[in-house]
Amino acid sequence: MNTTTHMLIQSYFKQLKMPQASKVYQSMAREAEDNNLSYEEYLLGVLEQEITQRESNRIQRGIRQAGFPVIKTLDSFDFKAIPSLSKQKVLKLAGCEYIKNLENVILVGNSGVGKTHIATALAYEACRKGMKVKFYTVAGLINEMLAAQQEYKLNRLEKQFLSYHLVVIDELGYVPFSKTGAELLFQFCSARHERGSLIITTNLEFPKWTEVLLDAQLTAALLDRLTHKAHILNINGESYRFKQALAKQTTD
């Protein structure tokens with residue numbers, strides 16, 4: 001191929017915004033020639049490379065935009081350390097049917113048993129399937145809503161929230177909310193009821209949620225919405241992190 005032709009092809013790929021095709025078209029042309037592929041088969045191969053790379057880029061962009069504090073996967077979770085947690089049920093949830101069905105997942109258990117790990121891993125799987133995901137600590141979510149409320153942008157933020165297929169709310173139960181904070185959390189969850197899925201992690205059994213929401217009626221109404229269509233995973237056991245720390249000390 002002469003230089004002029006190569007430059008023209010590169011220019012056209014750039015105008016068409018096909019960077020992956022630009023990278024592979026020459027090597028794939030040589031492979032097509034070696035394997036006696038037709039022009040159509042060669043063109044199909046180049047286009048498949050472009051589409052595959054675009055999909056990969058879209059997924060990676062979604063993972064970055066989700067705002068995970070740390071990427072966690074189910075492969076790295078030690079299910080044997082938490083025998084009360086059904087591996088089969090978690091793996092089924094990883095298929096993301098609950099998101100398609102607008103259902104919630106609530107992970108209940110004491111500190112250190114891996115609730116955030118499981119929540120992050122399930123949300124990561126949703127990202128890999130091309131779904132739009134956002135990760136929040138409950139404090140971060142409420143603070144963002146409070147700031148939007150003060151700037152009269154709460155409606156805009158709520159519309160943004162509804163664009164997500166899945167929202168993770170982590171660490172509910174560690175710090176009591178203000179009255180306004182509890183009301184905003186209720187407003188957020190009510191807006192998503194049967195319109196989008198939630199994953200919530202909490203260290204409190206449901207009867208104790210009043211301790212942080214400080215309003216029995218609001219707590220009952222919130223739980224009614226959250227548990228209406230929910231997969232509830234009760235994770236009981238010793239601290240997963242504490243076990244890892246002890247194991248590390250033993251090997252050091």
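Residues numbered from 1 in each chain as written. Predicted model: local features only at pLDDT ≥ 70, side-chain atom pairs only at ≥ 80, totals over all residues. Heavy atoms only, no water.

## Quick look at the overall build of the chain
- When helices and strands are counted, the chain shows 12 helices and 5 strands.
- Computed over C-alpha atoms, the radius of gyration of the chain comes to 24 Å, more than 25% over the 18 Å expected from 2.2 N^0.38 for 252 residues, which places it beyond the range of a compact globule.
- Based on the C-alpha atoms only, the size of the chain along its principal axes is roughly 75 × 55 × 35 Å.
- Looking at the chain as a whole, 40% of its 252 residues qualify as buried.
- For the chain, the proportion of contacts with a sequence separation of at least 24, taken over those separated by at least 6, is 80%.
- Surface accessibility of the chain: about 14,700 Å² in total, with carbon and sulfur atoms responsible for 52%.
- Within the chain, one finds 31 positive and 26 negative side-chain charges whose respective centroids are separated by 4 Å. (Helix = DSSP H or I, 4+ residues; strand = E, 2+ residues; numbered from the N terminus. Rg over C-alpha atoms; globule rule 2.2 N^0.38 Å. Buried < 20%, exposed > 50% of the residue type's maximum accessible area, 1.4 Å probe, protein only. Contact = heavy atoms within 4.5 Å. Areas by Shrake-Rupley, 256 points an atom, 1.4 Å probe, with all protein chains shown as cover. Lys, Arg positive; Asp, Glu negative; His and termini not counted. Charge placed at Lys NZ, Arg CZ, Asp CG, Glu CD.)

## So, helix α7 (residues 138-150)
- Between its first and last C-alpha atoms α7 spans 18 Å; for 13 residues at 1.5 Å apiece the expected length is 18 Å, and the two agree.
- Taken together, the buried positions of α7 are V138, L141, I142, M145 and A148. The buried residues of α7 occupy an angular sector of 125° when the element is viewed end-on, so they sit on one face.
- Against β2 (133-137), α8 (154-161), β3 (166-172) and α9 (179-192) lie the buried residues of α7.
- Where α7 terminates, the next one or two residues include Y152, which has phi positive at roughly 55°. (Expected span 1.5 Å × (residues − 1). Arc of directions from axis to C-beta.)

## Notes on the packing of helix α2 (residues 19-34) against helix α3 (residues 39-66)
- In the contact formed by α2 and α3, the axes pass within 9 Å of each other and the chain directions differ by 145°. Seen along the crossing, α2 lies across α3 with a hand that is right-handed. For the pair formed by α2 and α3, the contact residues are P19, Q20, A21, V24, Y25, M28, A29 and A32 on the first element and Y42, G45, V46, Q49, E50 and Q53 on the second.
- Looking at the contact of α2 with α3 residue by residue, the classes come out as 9 nonpolar, 4 polar and 1 charged. (Axes fitted to C-alpha atoms, helices over the stretch in contact; angles between N-to-C directions. Left-handed = near helix turned anticlockwise from the far one by under 90°. Nonpolar A, V, L, I, M, F, W, Y, C, P; charged D, E, K, R; others polar.)

## Quick notes on the pattern of salt bridges
- One pass over the structure, following the stated rule, counts 7 salt bridges.
- K129 is the salt-bridge partner of E125, the closest N and O atoms lying 3.9 Å from each other.
- Accessibility expressed as a relative area gives 14% for E125, which makes it buried.
- Note that E151 and K153 form a salt bridge whose closest N and O atoms lie 3.8 Å from each other.
- Residue classification places E151 among the partly exposed positions, given a relative accessible area of 47%. (Salt bridge = Lys/Arg side-chain N within 4 Å of Asp/Glu carboxyl O.)

## Focus on helix α6 (residues 115-128)
- Between the first and last C-alpha of α6 there are 20 Å, a value that for 14 residues agrees with the 20 Å anticipated at 1.5 Å per step.
- Buried residues dominate α6, accounting for 12 of its 14 residues.
- Within α6 the residues assigned to the buried category are K115, H117, I118, A119, T120, A121, L122, A123, Y124, E125, A126 and C127.
- Positive backbone phi, approximately 85°, marks G130, located one or two places after α6.

## Description of the layout of surface pockets
- By volume, the second largest pocket amounts to about 190 Å³.
- What lines the second largest pocket is a set of 14 residues, and nearest its centre among them are V138, A139, I142, V175 and F177.
- Where the lining of the second largest pocket is concerned, the elements lending two or more residues are α7 and β3.
- At 5 residues, the largest contribution of residues to the lining of the second largest pocket is made by α7.
- Residue composition of the lining of the second largest pocket, grouped by class: 8 nonpolar, 4 polar and 2 charged. (1 Å grid on protein atoms, 1.4 Å probe; cavity = no way out; pocket = protein on both sides within 12 Å on 5 of 7 lines; lining within 4 Å. Points joined across faces, edges and corners; volume = space filled by probe spheres on them.)

## Section: the environment of H228
- Note that H228 resides in helix α11 (residues 216-228).
- Considered as a pair, H228 and E194 are 34 residues apart in the sequence and their alpha carbons are 9.2 Å apart.
- Sequence-distant contacts of H228, that is, excluding residues within four places in its chain, are made with H193, E194 and L223.

## Comments concerning the packing of α9 against α11
- Put simply, α9 and α11 touch, their axes get as near as 10 Å, and they point 25° apart. Judged on the interaxial angle alone, α11 and α9 are roughly parallel. Note that α9 runs across α11; the crossing there is left-handed. In this structure, α9 uses A182, E183, L185, F186, C189 and S190 to contact α11, whose residues at the interface are L218, A221, L222, R225 and L226.
- Partitioning the contact of α9 with α11 into residue classes produces 8 nonpolar, 1 polar and 2 charged. (Parallel < 35°, antiparallel > 145°, perpendicular 65-115°, else oblique.)

On their own, these measurements won't tell you what the molecule is for.
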